[in-house]
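Coordinate inspection notes
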Amino acid sequence: DVKVTQSSRYLVKRTGEKVFLECVQDMDHENMFWYRQDPGLGLRLIYFSYDVKMKEKGDIPEGYSVSREKKERFSLILESASTNQTSMYLCASSPTRTIPGAFFGQGTRLTVV
Amino acid sequence: AQSVSQHNHHVILSEAASLELGCNYSYGGTVNLFWYVQYPGQHLQLLLKYFSGDPLVKGIKGFEAEFIKSKFSFNLRKPSVQWSDTAEYFCAVNAESGATNKLIFGTGTLLAVQP
């Protein structure tokens, strides 16, 4: 079974803090994604990566950055957390484009106070 | 740009009732279509998917979906729901272009099944 693991289930951070959300997948997938999930808005893509050290902006990249130094790990960084970044963050991975779809982690619920 | 619309935001049904959740997408090219489910407190799981072939696809737990290309729709159905089907359901589209498996999600439909 594919496993996508997010380092924290719940996080509480203060406004202005730098926040790191970590995600690791164990199936050698090329593509990795960060989404945020908010009630009534569904899942919105923040950033994705299709190779090590490669990244592309999704639909809502403002206030976020990412890092992919190793194939299995994809980190989401909030440079200066704000209250409007309080949300559920979901990491996903998928194999090559010929096998579409994605496998999701359990999510990190981040609260910024 | 691609988009996905789920028109039902909140659905309440009694057990044994039939279910149909609407999903429409906007993209003129070849697409792959998915339904994901998120049970309370759990991660997103794939319910079913359509890539090509028979437009009626069957997924887990008795769910099925029909791809109607002319209507740009991929509605989810189940003939008789159970209390355990209470969850949030997301439709997603992956356009066959570009280098990545980028999924576009709908806003979700929250289904509550009353015993």
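Before going into details, it helps to say that this report is about the structure given with it.

Cut-offs used in this document
Per chain, residues are indexed from 1 in the order of the written sequence. Here chains are named by letter from A upward and ligands by number from 1 upward, in the order in which they appear as written. The model is predicted, so local features are restricted to residues of pLDDT at least 70 and side-chain atom pairs to those at 80 or more, both for listing and for counting; the totals for chains, interfaces and linings are taken over all residues. Working from all heavy atoms in the structure, the side-chain values ignore hydrogens and water. Secondary structure elements are defined from DSSP: runs of H or I of at least 4 residues count as helices, runs of E of at least 2 residues count as strands, and each element is numbered from the N terminus. With C-alpha atoms as the basis for the radius of gyration, the globule rule is written as 2.2 Å multiplied by the number of residues raised to the power 0.38. Note on exposure labels: buried denotes an accessible area under 20% of the residue type's maximum, exposed denotes more than 50%, and partly exposed covers the range between, all computed with a 1.4 Å probe on protein chains only. Contacts between residues were defined by any pair of non-hydrogen atoms, one from each residue, lying within 4.5 Å. Computed by Shrake-Rupley with a 1.4 Å probe, the accessible areas treat only the displayed protein chains as cover when residues are assessed. For the charge count, each Lys or Arg is scored as positive and each Asp or Glu as negative, with His and the chain ends excluded. For charged residues, the charge sits on one atom: NZ in Lys, CZ in Arg, CG in Asp, CD in Glu. Only when DSSP finds a minimum of two bridges between them are two strands counted as paired. Salt bridges are identified by distance alone: a Lys or Arg side-chain nitrogen within 4 Å of an Asp or Glu carboxyl oxygen. Distance and chemistry together define a polar contact, namely a pair of N or O atoms within 3.5 Å, with one atom able to donate a hydrogen and the other to accept it when in protein, and with adjacent residues in sequence counting only for side-chain atoms on both sides. Stacked, edge-to-face and tilted labels apply to pairs of Phe, Tyr and Trp rings (six-membered ring for Trp) whose centres lie within 6.5 Å, assigned for plane angles under 30 degrees, over 60, and everything in between, in that order.

Attention now goes to the overall build of chain B. A tally of helices and strands in chain B yields zero helices and twelve strands. Overall, chain B shows an N-to-C arrangement of helices and strands of β-β-β-β-β-β-β-β-β-β-β-β. On C-alpha atoms alone, chain B measures out to a radius of gyration of 14 Å, which is about the 13 Å that the 2.2 N^0.38 rule sets for 115 residues. In terms of overall dimensions, chain B has C-alpha extents of about 45 × 30 × 20 Å along its principal axes. Burial statistics for chain B: of 115 residues in total, 46% are counted as buried. Considering only intrachain contacts with a sequence separation of at least 6, the fraction spanning at least 24 residues in chain B is 54%. Surface accessibility of chain B: about 5,400 Å² in total, with carbon and sulfur atoms responsible for 53%. Treating the 8 positive side-chain charges of chain B as one cloud and the 8 negative ones as another, the clouds have centres 5 Å apart.

Right, let's talk about the overall build of chain A for a bit. Counting its regular elements, chain A contains zero helices and twelve strands. The C-alpha radius of gyration computed for chain A amounts to 13 Å, which stays within 12% of the reference 13 Å derived for 113 residues, consistent with globular compactness. When the backbone C-alpha atoms are referred to their principal axes, chain A occupies close to 40 × 30 × 25 Å. The buried share of chain A, reckoned over its 113 residues, is 49%. Taken as a whole, chain A presents about 5,500 Å² of accessible surface, with 50% of it coming from carbon and sulfur. Between the mean site of the 16 positive side-chain charges and the mean site of the 14 negative ones, chain A shows a separation of 4 Å.

What follows concerns the pairing of strand β5 (residues 31–38) of chain A. Residue and element names in this part refer to chain A. Here β5 lies mainly inside the structure; eight of its eight residues are buried. Going residue by residue along β5, you find N31, F33, Y35 and Q37 tucked away on one face and M32, W34, R36 and D38 tucked away on the opposite face as well. Sheet topology places β5 next to strand β10 (residues 87–94); seven bridges connect them, and they run antiparallel. Opposite R36, over in β10, you have Y89 as the bridge partner. Hairpin geometry of β5 and strand β6 (residues 42–49) is characterised by an intervening segment of three residues between the two adjacent antiparallel strands and by a positive phi of about 80° at G40.

To continue, consider the pattern of salt bridges. All names here are of chain A. By the definition in use, this model includes ten salt bridges over all chains. A salt bridge links D28 to K71, with the shortest nitrogen-to-oxygen separation between them at 3.3 Å. Pair noted here: D28 is in the loop between β4 (23–25) and β5 and K71 is in the loop between β8 (64–70) and β9 (73–78), with a separation of 43 residues, a long-range link.

All names here are of chain B. With respect to the element layout, N75 can be found in strand β9 (residues 73–78). The class of N75 is buried, set by a relative accessible area of 19%. Separated by 2.9 Å, the side chain of N75 and the backbone nitrogen of C23 make a polar contact. Ignoring sequence-local partners within four residues, the contact set of N75 consists of E20, L21, G22, C23, W35, E64, A65 and E66.

Two aromatic rings are characterised by how far apart their centres lie and by the angle between their planes. Applying the stated rule across the entire model yields 16 aromatic pairs over all chains. Ring centres 5.3 Å apart and planes at 85° place the aromatic pair Y35 of chain A and F105 of chain B in the edge-to-face group. Here Y35 of chain A, found in strand β5, pairs with F105 of chain B, found in strand β11 (residues 104–105), and the two come from separate chains. In this structure Y35 of chain A comes out as buried when scored by relative accessible area, which is 1%. Taken together, the ring pairs connect F33, Y35, F48 and F104 of chain A together with F34, Y36, F51, F90 and F105 of chain B into an aromatic cluster.

All names here are of chain A. Mapped onto the fold, N31 is located in strand β5. Under the relative-accessibility criterion, N31 is labelled buried at 1%. In this structure the side chain of N31 is engaged in a polar contact, spanning 2.8 Å, whose partner is the backbone oxygen of P95.

Residue and element names in this part refer to chain A. Sheet topology note: the β8/β9 ladder contains five bridges and is antiparallel. The residue of β9 that forms the bridge with S65 is I77. Two successive antiparallel strands, β8 and β9, enclose a turn made up of two residues.

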